[in-house]
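In case you want the letters, here they are:
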Number of protein chains: 2
Amino acid sequence: VQQGKPILYSYFQSSCSWRVRIALALKGIDYETVPVNLVKDGGQQFSEEFQALNPMKQVPALKIDGLTISQSLAIIEYLEETRPTPRLLPQNPKQRATVRMISDLVASGIQPLQNLSVLKQVGQESGLAWAQKVINTGFNALEKILQSTAGKYCVGDEVSMADLCLVPQVANAERYKVEVTLYPTISRINKTLLALEAFQVTHPCRQPDTPPEMRA
Amino acid sequence: VQQGKPILYSYFQSSCSWRVRIALALKGIDYETVPVNLVKDGGQQFSEEFQALNPMKQVPALKIDGLTISQSLAIIEYLEETRPTPRLLPQNPKQRATVRMISDLVASGIQPLQNLSVLKQVGQESGLAWAQKVINTGFNALEKILQSTAGKYCVGDEVSMADLCLVPQVANAERYKVEVTLYPTISRINKTLLALEAFQVTHPCRQPDTPPEMRA
């Protein structure tokens, strides 16, 4: 690893890692990926080496500027404050609040509840149904909110942190066989975003640790 | 309700509502409380009237400056940007990242997983054990992080957003009979914070909707 280059601890299929990968790509920040396989060896996030980096035993974690940050939205906010161009938060405080509200709706209100650890606890049979219920509840709310905040993207016509949360969450929804077309605004924005280069190069099917059978 | 006064939709026992109450108190913002009882009538958050305010059917929500914001951390960030004194985020970007990382660890990594809806899904018998496991996992990580970030409070010697997340989460831990004394740094900071007026007046046992038998 080159001295001074940021290091992203990431798993190709982790939706929270994908959020950060998009931020790094949009801002044109060159970085190295260190893959952390959440499944192999019982989960490499449980290794002592990784726990020293992030005691929460989760990806992503970003080493940057001599600091190690975990929690995807905290990472994105740090990148925004230290590498402000192009911006991922609008200038207007009310629009910033809307972006953060949508981001937190996904990051606190949906994603943690459909995480693998919860699904295991709920049980194999009802795990999928639980994930679908959680995502549908969240998407129902998100669809209503987006109907009044969206332009081309989640909040107006500029890509924001909210969009970085939306696309990976839609990918999770599809993985859990949620009927995303039931949410026309979510579907439309997702499709528009997926056409952007920063969303394409960071896609789970194109990461250094993507297994051959899942590459595209 | 007086014209122009912010309105907080809150439930006395909601840890996310408590975070916002502390922010409002610290910043000296006068507001009205509209209680939303999460238990009574099958949950008042499910009423059509409330869903129009917050389609996620959760408290808190804050009506302020003609805007309705949900998601506690988005609310706190908005208050910080529009009412910056006293500040709840440090000036230094690295310390701000640390504050947000700790806040998100609680708001995305612990609280949603021990929420009533998840406990119900896990089942009555194992619900308590699940809540304890989730909180212990989070507190183990938090304790390690705080050992290198804390001064008098979570990050250095200034009260920050991280502290607004810590105290309500410790209260949840105690409610679920987690042995909080196992985490000496968490316990010490919690105790120090609970001595501050803003944490006392906003405490669940002193809210307009606190039932008589839980008042103190």
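This text gives an overview of the structure that appears in the document. Quick caveat: nothing in here was measured; it's all calculated off a predicted structure.

## Remarks on the relation of the copies chain B and chain A
Between the two chain copies there is a screw-like relation: a rotation about an axis and a shift along it. Mapping chain B onto chain A leaves a residual RMSD of 0.0 Å; the transformation is a rotation of 180° accompanied by 0.0 Å of translation along its axis. With respect to symmetry, the two chain copies, as superposed, fit the operation of a two-fold axis. For chain B, the smallest separation between a C-alpha atom and the rotation axis is recorded for Ser108 of chain B, amounting to 2.2 Å. The share of interface residues of chain B whose copies in chain A are also at the interface is 100%, consistent with both copies meeting through the same surface.

## Overview of the interface of chain B and chain A
Taken residue by residue, the interface counts 39 residues in chain B and 39 residues in chain A. Where chain B abuts chain A, roughly 3,500 Å² becomes buried across the two surfaces, and 66% of that area is made up of carbon and sulfur atoms. At the junction of chain B with chain A, the criterion picks out 6 salt bridges. As a salt-bridge pair, Arg96 of chain B and Glu81 of chain A come within 2.8 Å of each other at their nearest N and O atoms. Where chain B packs against chain A, one counts 11 residue pairs in polar contact (both at pLDDT 80 or more). Mapped onto the side of chain B that touches chain A, the elements with two or more residues apiece are strand 4 (67-70), helix 3 (72-82), helix 4 (93-109), helix 5 (116-122) and helix 6 (124-149) of chain B. Ranked by the residues each element gives to the side of chain B that touches chain A, the list is headed by helix 4 of chain B, at 11 residues. Of the residues contributing to the side of chain B that touches chain A, the split by class is 19 nonpolar, 11 polar and 9 charged.

## Section: the pattern of salt bridges
A complete count under the given rule lists 18 salt bridges over all chains for this structure. A salt bridge links Glu77 of chain B to Arg100 of chain A; the nearest nitrogen and oxygen atoms lie 3.6 Å apart. Residue Glu77 of chain B is found in helix 3, and its partner Arg100 of chain A is found in helix 4 (residues 93-109); the two belong to separate chains. Take Glu77 of chain B and Arg100 of chain A: they sit in the same class, and that class is buried.

## Considerations on the pairing of strand 1 (residues 7-10) of chain A
Residue and element names in this part refer to chain A. Taking every second residue as pointing to the same face, both faces of strand 1 are buried, with Ile7 and Tyr9 on one and Leu8 and Ser10 on the other. Where strand 1 lies against strand 2 (residues 32-35), 4 bridges are found, and the strand directions are parallel. Opposite Ile7, over in strand 2, you have Glu32 as the bridge partner. At this point the chain moves from strand 1, through helix 1 (residues 15-26), to the parallel strand 2, and the crossover so formed is right-handed. Pairing geometry for strand 1 and strand 3 (residues 61-64), over 3 bridges, is antiparallel. Within strand 3, the residue paired with Ile7 across the bridge is Lys63.

## Notes on the sheet that holds strand 1 (residues 7-10) of chain B
Residues and elements named next belong to chain B. Taken in spatial order, the 4 strands line up as 2-1-3-4 in an open sheet, and their pairing is mixed. At either end of the open sheet lies a strand with only one pairing partner, and these are strand 2 (32-35) and strand 4. The average angle at which neighbouring strand axes cross in this sheet is 20°, direction not considered. The sheet strands contacting helix 3 are strand 3 (61-64) and strand 4, and the helix crosses strand 4 at an angle near 130°.

The rules we used
- Residues numbered from 1 in each chain as written.
- Chains lettered and ligands numbered in written order.
- Predicted model: local features only at pLDDT ≥ 70, side-chain atom pairs only at ≥ 80, totals over all residues.
- Heavy atoms only, no water.
- Least-squares fit on C-alpha atoms with pLDDT ≥ 70 in both.
- Contact = heavy atoms within 4.5 Å.
- Buried area = accessible area lost by both parts, 1.4 Å probe.
- Salt bridge = Lys/Arg side-chain N within 4 Å of Asp/Glu carboxyl O.
- Polar contact = N/O pair within 3.5 Å; in protein donor to acceptor, adjacent residues only side chain to side chain.
- Helix = DSSP H or I, 4+ residues; strand = E, 2+ residues; numbered from the N terminus.
- Nonpolar A, V, L, I, M, F, W, Y, C, P; charged D, E, K, R; others polar.
- Buried < 20%, exposed > 50% of the residue type's maximum accessible area, 1.4 Å probe, protein only.
- Pairing = 2+ DSSP bridges.
- Right-handed = clockwise from strand over helix to strand, strands pointing away.
- Axes fitted to C-alpha atoms, helices over the stretch in contact; angles between N-to-C directions.

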